[in-house]
Amino acid sequence: MVKNKSAKNGNTQKAAVEDSRRRKVQETADKNDVSDLCKRLSAVSVNFRKEGRTVSNHPPCIPRKAFPPESSLTVMQDDSVNVIPHLQDVLSDIRIDLDRKRENRQLINDLVKNTLINALKSRCEIFKHLFREVAFVGSFYEGLKITDADEFDLNIVLKLPFGATTPYEVGEIKRAPGHMFLKWEPAHLDRLKKSTEPKLKPIFNWVDEDGYLLVSKVHRYWESLMDKYMADIDNELRQEVNDLGWSKSGPAITLYFDDVAVDLVPAFAFPWNEIPPPHVKNPQIILPDHKNLRWFVVPKPLKEKGLEKAWRLSFSEHEREMIHDFGWLKPAIKIVKRLRDKQNWKVPDSFSIKTVALWEIECGYLRQEDKLDLAFEKLVRGLIYFLEVGFLPLFWDHRCNKFEEMNPEDGLSKSNFLNKYFQTSDNVIELCRKIAD
């Protein structure tokens, strides 16, 4: 009887070993499949820009099997070591002063929404005609800021230049993934121009002969608006702040005062039921119950010639909603950002870290109920994977690679660094201490 029991145990052990081997083989195959997917997307992205080729109308979801099974994660392997208090120490070290946060938020509201906007409206008829609202975007308003409350991003939302009832077309630009065009029929614009007040007719110079709205024209208007009126408005603004200054950078005009920087970017907004171009995720499908959310386009000029009609897409409101109240995700993102800053890494930038989180939310890898340690490790594991592959697809348009300019060796070096600290829970604690120092 004893002999038979021993043989049975031996067979069970062999079966367990064989089952473990099969699982590892399958996991390796799954990961290779996902790696091949990202490599194919990378090749498509390059060919798309070079040759203008199209890809599927249905952007692929990064599958859950791209990331390690939850049961294999370091923080799940050793229950005897609690990593959470050490992660909370990091969060305590990067907490923003609440009083300064409230004061600066109110100051931005008063300075921009009231003083600056009203001053521009009183001086420029075109701005008065087009201004719609101020939209608060960026890491501060997403609750992801890890340094002082000293940087703010605002979209100055404008109405579409030829009225909401004037038919227009949106479409993809094959050489510029993540962008789209806005077009009106030239004949329709010619008729509209005849009935437009003379002081508003310069708006018609913003389109080319084919009716495409040009990024360069709107961008130039925004800069000229500040050039022309900022000196005049200066005294009004100085009644509220000290050391006022401003500069131009990309699509933004940046105001500086009292150790605070505010980026003001002109934008056109589209309602929830406006469908973006092909190859871009439809926000109605991603967040079907949030009909109050809009998506934007901003005039960020591209370096490549011949792309003056390419408007940068932005889904900042949808991204903010996706991560809102999503368990411990926001604190986990903050810790990863702190880790990046401590290592003086330029890549990944803050948007890339958030992009990893969005992919993991969509495929169900990150879950609402994940505790801080699990959310943190899942986020880092995802980042490791994309650094190894060298391709991080933009969440809304998978043809865009957020790591396009990253040296492959740099990506592998960073992924190896992160992997080293996730061998044991003690290693994770050591990493937390490094971040908190």
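The paragraphs below set out a description of the structure included in this document. (Residues numbered from 1 in each chain as written. Predicted model: local features only at pLDDT ≥ 70, side-chain atom pairs only at ≥ 80, totals over all residues. Heavy atoms only, no water.)

Digging into helix H15 (residues 425-436)
Thought 1: With twelve residues, H15 extends 17 Å from end C-alpha to end C-alpha; this agrees with the ideal 16 Å at 1.5 Å per step.
Thought 2: Buried within H15 are the following residues: Ser425, Val428, Ile429, Leu431, Cys432 and Ile435. Take H15 and look down its axis: the buried residues cluster within an arc of 160°, on one side only. Counted as exposed and oriented over 90 degrees from the buried face of H15: Asp426 and Arg433.
Thought 3: In this structure, the buried residues of H15 make contact with helix H2 (74-77), helix H3 (84-93), helix H11 (329-342), helix H13 (372-389) and helix H14 (408-420). (Helix = DSSP H or I, 4+ residues; strand = E, 2+ residues; numbered from the N terminus. Expected span 1.5 Å × (residues − 1). Buried < 20%, exposed > 50% of the residue type's maximum accessible area, 1.4 Å probe, protein only. Arc of directions from axis to C-beta. Contact = heavy atoms within 4.5 Å.)

Examining the pattern of salt bridges
Thought 1: If you walk through the whole model with that rule in mind, you get 28 salt bridges.
Thought 2: The salt bridge involving Arg102 is made with Asp99; its shortest N-O contact spans 2.6 Å. Residue Arg102 and its partner Asp99 are located together in helix H4 (residues 98-123), separated by three residues, close to a single helical turn.
Thought 3: Salt bridges here are not isolated pairs; linked through shared partners, they connect Glu70, Arg367, Glu369, Asp370 and Lys378. (Salt bridge = Lys/Arg side-chain N within 4 Å of Asp/Glu carboxyl O.)

Re unusual backbone geometry
Thought 1: A cis amide bond links Val347 to the next residue, Pro348, at an omega of 5°.
Thought 2: Of note, Pro348 is situated in the loop between H11 and helix H12 (350-362).
Thought 3: Positive phi is not limited to glycine here, since Asp258 has a value of about 45°.
Thought 4: Tracing the backbone shows Asp258 in the loop between strand S6 (252-257) and strand S7 (260-270).
Thought 5: For Asp258, a relative accessible area of 28% corresponds to the partly exposed category.

Just distances and angles here, no functional claims.
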